[in-house]
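What the coordinates show
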Amino acid sequence: QVQVVESGGGLVQPGGSLRLSCTTSGIIFGAYGMGWYRQAPGKQRELVGSISSGGGINYVDAVKGRFTISRDNTKETAYLIMNSLKPEDTAVYYCNAQIRTISGRLLEHWGQGTLVTVST
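A short tour of the structure in this document, coming up. Quick caveat, the model's predicted, so the values are computed rather than measured. (Residues numbered from 1 in each chain as written. Predicted model: local features only at pLDDT ≥ 70, side-chain atom pairs only at ≥ 80, totals over all residues. Heavy atoms only, no water.)

**Digging into the state of the cysteines**
With the rule as written, the count across this model stands at one disulfide. Residue pairing for cysteine 22: its cysteine sulfur links by disulfide to cysteine 95, the two sulfurs lying 2.0 Å apart. Torsion about the S-S bond of the cysteine 22 and cysteine 95 cystine: about -80°, corresponding to left-handed handedness. Taken together, the residues span a long stretch of sequence, with cysteine 22 in strand β3 (residues 18–25) and cysteine 95 in strand β9 (residues 91–100) at a distance of 73 residues. In terms of burial, cysteine 22 and cysteine 95 fall into one category: buried. (Disulfide = S-S within 2.5 Å. Helix = DSSP H or I, 4+ residues; strand = E, 2+ residues; numbered from the N terminus. Buried < 20%, exposed > 50% of the residue type's maximum accessible area, 1.4 Å probe, protein only.)

Below is the structure:
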């Protein structure tokens, strides 16, 4: 049974920081790319950034310089450190674990999401 569980969300003031964690079980974590997505109210889910199995990292422009993605393969956990938070960062944040199978099929596992609210 594959599980992907996010934690660390909450209410934070503008300019504040949060660290989200994504803990997995039931997969060979080190073989998976890990992605962080978010979905704001009334908007589509969007990619925030990702870290490949080899450690390559990408971010969308809106979070570059403010957010940091990392992974600890020994703990089977990915992290999203968010600094200088803005009200427009308010969203449900989702973790995604994905791998391309030998046959070429994309296999994905999603967490349930954790709510981040940036407000005074």
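**Some details on the sheet that holds β3**
The strand order β1-β3-β8-β7 describes an open sheet built from four strands, whose pairing is antiparallel. In this open sheet, the two strands that pair with only one neighbour each are β1 (3–7) and β7 (67–72). Neighbour-to-neighbour, the strand axes of this sheet turn through a mean angle of 15°, independent of strand direction. (Pairing = 2+ DSSP bridges. Axes fitted to C-alpha atoms, helices over the stretch in contact; angles between N-to-C directions.)

**Some remarks on the packing of aromatic side chains**
Counted according to the given criterion, the structure contains one aromatic pair. Over the aromatic face of tyrosine 94 sits the side chain of arginine 45, whose NZ or CZ is 3.7 Å from the ring centroid. For arginine 45, the ring lying beneath its charged end belongs to tryptophan 110, and the centroid distance is 4.7 Å. (Phe/Tyr/Trp six-rings, centres within 6.5 Å; stacked < 30°, edge-to-face > 60°. Lys NZ or Arg CZ within 6 Å of the ring centre and 35° of its normal.)

**Examining the nonpolar core**
Counting 26 residues, the largest nonpolar core has Met34, Trp36, Phe67, Leu80, Met82 and Tyr93 as the members making the most contacts within it. Mapped by element, the contributors of at least two residues to this core are β3, β4 (33–39), β5 (46–51), β7, β8 (77–82), β9 and β11 (114–118). Among the elements that take part in this core, β9 stands out by supplying four residues, more than any other. Excluding its chain neighbours within four sequence positions, the residues that come into contact with leucine 80 are Leu18, Arg19, Leu20, Trp36, Phe67, Thr68, Ile69 and Tyr93. (Core = buried A, V, L, I, M, F, W, Y, C linked by side-chain atoms within 4.5 Å. Contact = heavy atoms within 4.5 Å.)

**Describing unusual backbone geometry**
Backbone geometry places glutamate 76, a non-glycine residue, at a positive phi of 55°. Tracing the backbone through its elements, the reader meets glutamate 76 in the loop between β7 and β8. Positive phi outside glycine occurs at serine 84, with the angle close to 50°. Relative to the helices and strands, serine 84 resides in the loop between β8 and β9.

By themselves, these figures tell us nothing about what the structure is for.
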